[in-house]
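Notes for the structure review
The chain contents come next:
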Amino acid sequence: MAVTKPDVRIIATGLFTPPHAISNDELVAAFNAFVDRYNAAHAREIESGATAPLQPSSAEFIEKASGIKSRYVMDKEGVLDIERMTPRFRARSNDEISILAEIAVAAARDAMKAADLDARDIDGVICAASNMQRAYPAMAVEIQHALGIEGFAFDMNVACASAVFGVETGAGLIRSGARRILMVNPEICSAHLNFRDRDSHFIFGDVATAVILERADGAPRGEAYEILGARLKTQFSNNIRNNAGFINRCERETGEAADPQSAPFTDKLFVQQGRKVFKDVVPMVGDMILGHLDELGVAPGDVRRFWLHQANLAMNEFIARKVLGRDATREEAPVVLDEYANTSSAGSIIAFHKYRSDLKIGDIGVISGFGAGYSAGSVVIRKTA
Ligand code: COA
C-alpha cells in the first residue's frame, strides 16, 4: 500500500530531566548494604535453611545485562537510604501542583517554547504514561490547567507503549477537528520500582517528555515531521505486571506482616519475568515494524533512524537487526538508556528529542515503544521541514 497523503505532523518535542543522577556503583552500594543488613538480621533462619540469604547485586552485571550505566531520579536520598529504598516526596496539598503534573508541565513548556506556541494554540492535552499519580481528576486536566490551555484533556495508560499510542490518539483527535494536541509522558518510575529486588532494582529512571502534533495543512512554521502511519498492537501477558490499584485496600488481610520483601508489598510494584519478556517482545516488535514499513511501501534500508523504546540494549539491538537484516549502528538506532535507564513510555521520545537534528528533509524514521500488556506501537515519520 502506498503512503496516503499525511494529514498530521509532529512539530516539537520537550524534555524534563530530573536534577539527581544515580550511578550503578552508588545504587549497588546501597543495595548491597541492605543485603548485608537483611542477612545479618535473619542469620538464624538462614543458618537453619528456613530462609534463603539475599544475594548481592553488581554494577558489572547491570551494565552487561542491560546497557544501563546511570539513571535520573526525582529523589536520590530516599532511594539510597537503606532504611527506606523508596523516593521520599513531600505530601502536597490539593492547592499545589502534583509532582507528576509538575514534570509534565516542564516538558510541555520546553516543547511549546521550541515550537513558539502558547496555550491558545493548543486544543487538547493527553497525558500518556505507565503510572498516574491518582485516580482522578485526570492528570492531564491538571496539566492543561497549569498551562492555561482551553479545550479538553485526558489520561491514557498503555505502559511503556503509552507515548506511541498517545501520538496516534493525538493524530486521531486532529483528524476529527483539533488543530494541535500536546501529548506528555511524565514517568516517575522510581516510585514503582522495588529497590530491594536484585533482578530489577537497576532498570528504571525518572523523566518527562512532550510531543506537539499539528494538522498538516499549510506550510509548517518550523521543524516538522509528517506522520506516514502508525501501527498499534496489544497481546495480554502477565510477564510484566504491577498490581497497585484502588482494589488493593479491599483485599488486605488484617494483621498482615509488614515485611517489605513479602508478596503483598512487592507485587504492588513493578515485577517482570525478564527473560520471557525478552523472548516474547523482540519478535513481536520486529514483525510489527517490518509489517508496518511494508504496508507503507518503505524499505527497511530506507529508514534513516529508529528511535526505539529504551528498555534493554540487547533487546534494541535484536529488534534493529531483525528489521534491517544486519546490526544497526548507534547513529541508526541511538541509545539513551545508558544515561537515563528505562524511562518507560518516555524512552523513545527522549531518543527522538536528542537524536534528530542531523536529519535532512525527506529522511524517514520510526518511533517505537513496547512493554507491559504486552503492548507495542510504531509511528513512521518523514522530515518535511
Ligand atoms: N546483580 C548480579 N547478578 C544478578 C543480578 C544483579 N542485580 N540480577 C540477576 N543476577 C543474576 C541472576 O541471579 C542469574 O544468575 P544465575 O545465572 O546464576 O541464575 C544471572 O544474573 C542472569 O539473570 P537473568 O535475570 O536471567 O538476567 P538476564 O540476562 O535475563 O538480564 C534483564 C535481566 C532484566 C536485564 C533482562 O532479562 C531484560 O532486560 N529483559 C527485558 C526486560 C524488559 O525490557 N522489560 C520491559 C520493561 S518495560
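Residues numbered from 1 in each chain as written. Predicted model: local features only at pLDDT ≥ 70, side-chain atom pairs only at ≥ 80, totals over all residues. Heavy atoms only, no water.

1. Considering the nonpolar core
- Ranked by internal contacts, the top residues of the largest apolar core, which has 53 residues, are Val285, Ile289, Leu293 and Phe306.
- Where this core is concerned, the elements lending two or more residues are helix H1 (24-41), helix H3 (59-66), helix H10 (274-296), strand S11 (303-308), helix H11 (313-324), strand S12 (364-371) and strand S13 (375-383).
- At nine residues, the largest contribution of residues to this core is made by H10.
- The residues that make up this core include at least three from each of domain 1 (13-215) and domain 2 (225-383).
- For Leu293, the contacting residues outside a window of four places in its chain are Val298, Pro300, Val303, Val323, Val366 and Val380.
- Ranked by size, the runner-up nonpolar core spans 35 residues in total, among them Ala178, Ile181, Ala351 and Phe352. (Core = buried A, V, L, I, M, F, W, Y, C linked by side-chain atoms within 4.5 Å. Buried < 20%, exposed > 50% of the residue type's maximum accessible area, 1.4 Å probe, protein only. Helix = DSSP H or I, 4+ residues; strand = E, 2+ residues; numbered from the N terminus. Domains from an automatic or database assignment. Contact = heavy atoms within 4.5 Å.)

2. Some details on the domain arrangement of the protein chain
- By domain assignment, the protein chain separates into domain 1 (13-215) and domain 2 (225-383).
- Once you take the C-alpha centre of each, domain 1 and domain 2 turn out to be 15 Å apart.
- Summed over both sides, the interface of domain 1 with domain 2 buries roughly 3,500 Å², with 65% coming from carbon and sulfur.
- Sorting the residues of domain 1 by area buried against domain 2 places Thr13, Cys160 and Val164 first, and these three jointly supply 18% of that buried surface.
- Along the contact surface separating domain 1 from domain 2 lie zero salt bridges.
- At the junction of domain 1 with domain 2, the criterion picks out 16 residue pairs in polar contact (both at pLDDT 80 or more).
- At the level of secondary structure, the elements contributing two or more residues to the side of domain 1 that touches domain 2 comprise strand S1 (8-16), H1, H3, strand S3 (70-73), helix H7 (162-175), strand S6 (180-188) and strand S7 (206-215).
- Examining the composition of the side of domain 1 that touches domain 2, we find that seven residues originate from one element, H7, more than from any other. (Buried area = accessible area lost by both parts, 1.4 Å probe. Salt bridge = Lys/Arg side-chain N within 4 Å of Asp/Glu carboxyl O. Polar contact = N/O pair within 3.5 Å; in protein donor to acceptor, adjacent residues only side chain to side chain.)

3. Describing the environment of Pro300
- Within the element layout of this structure, Pro300 appears in the loop between H10 and S11.
- Under the relative-accessibility criterion, Pro300 is labelled partly exposed at 23%.
- Placed 66 residues apart in sequence, Pro300 and Val366 show a C-alpha to C-alpha distance of 10.0 Å.
- Apart from residues lying up to four places away in sequence, Pro300 is in contact with Leu290, Leu293, Phe306, Val323 and Leu324.

4. Looking at the sheet that holds S6
- In space, the nine strands of this open sheet follow the order S5-S4-S6-S7-S1-S8-S13-S12-S11, with mixed pairing throughout. In this open sheet, the two strands that pair with only one neighbour each are strand S5 (152-156) and S11. Averaged over neighbouring strand pairs, the angle between their axes works out to 25° when direction is ignored.
- Bridge count between strand S8 (residues 225-234) and S13: nine bridges; the pairing is antiparallel. From the neighbouring strand, Leu232 faces S13, where its bridge partner is Gly377.
- Across the sheet, helix H5 (residues 99-114) touches S1, S6 and S7, and the angle it forms with S1 is around 125°. (Pairing = 2+ DSSP bridges. Axes fitted to C-alpha atoms, helices over the stretch in contact; angles between N-to-C directions.)

5. With respect to the site of the ligand
- Neighbouring the ligand are 19 residues; Ser57, Arg198, Gln272, Arg275 and Asn312 lie closest to it.
- At a separation of 2.7 Å, a nitrogen atom of the ligand approaches a polar side-chain atom of Gln272.
- Separating an oxygen atom of the ligand from a side-chain N or O atom of Arg275 is a distance of 2.7 Å.
- Protein chains shield 71% of the accessible area of the ligand, which is 970 Å² for the free molecule. (Near = heavy atom within 4 Å. Areas by Shrake-Rupley, 256 points an atom, 1.4 Å probe, with all protein chains shown as cover.)

6. Section: the side chain of Ser378
- Mapped onto the fold, Ser378 is located in strand S13.
- At a separation of 2.8 Å, a polar atom in the side chain of Ser378 contacts the side chain of His292.
- For Ser378, the contacting residues outside a window of four places in its chain are Gly229, Ala230, Arg231, Met288, Ile289, His292, Val366, Ile367 and Ser368.

7. Quick look at the environment of Ser368
- The topology assignment puts Ser368 in strand S12.
- Sequence-wise, Ser368 and Ala161 are 207 residues apart; in three dimensions their C-alpha atoms are separated by 7.8 Å.
- Ignoring anything within four residues of it in the chain, the contact list for Ser368 reads Val164, Val285, Met288, Ile289, Trp307, Leu308, His309, Ser348, Gly377 and Ser378.
- Here Gly377 takes part through its backbone oxygen, which lies 3.0 Å from a polar atom of the side chain of Ser368.

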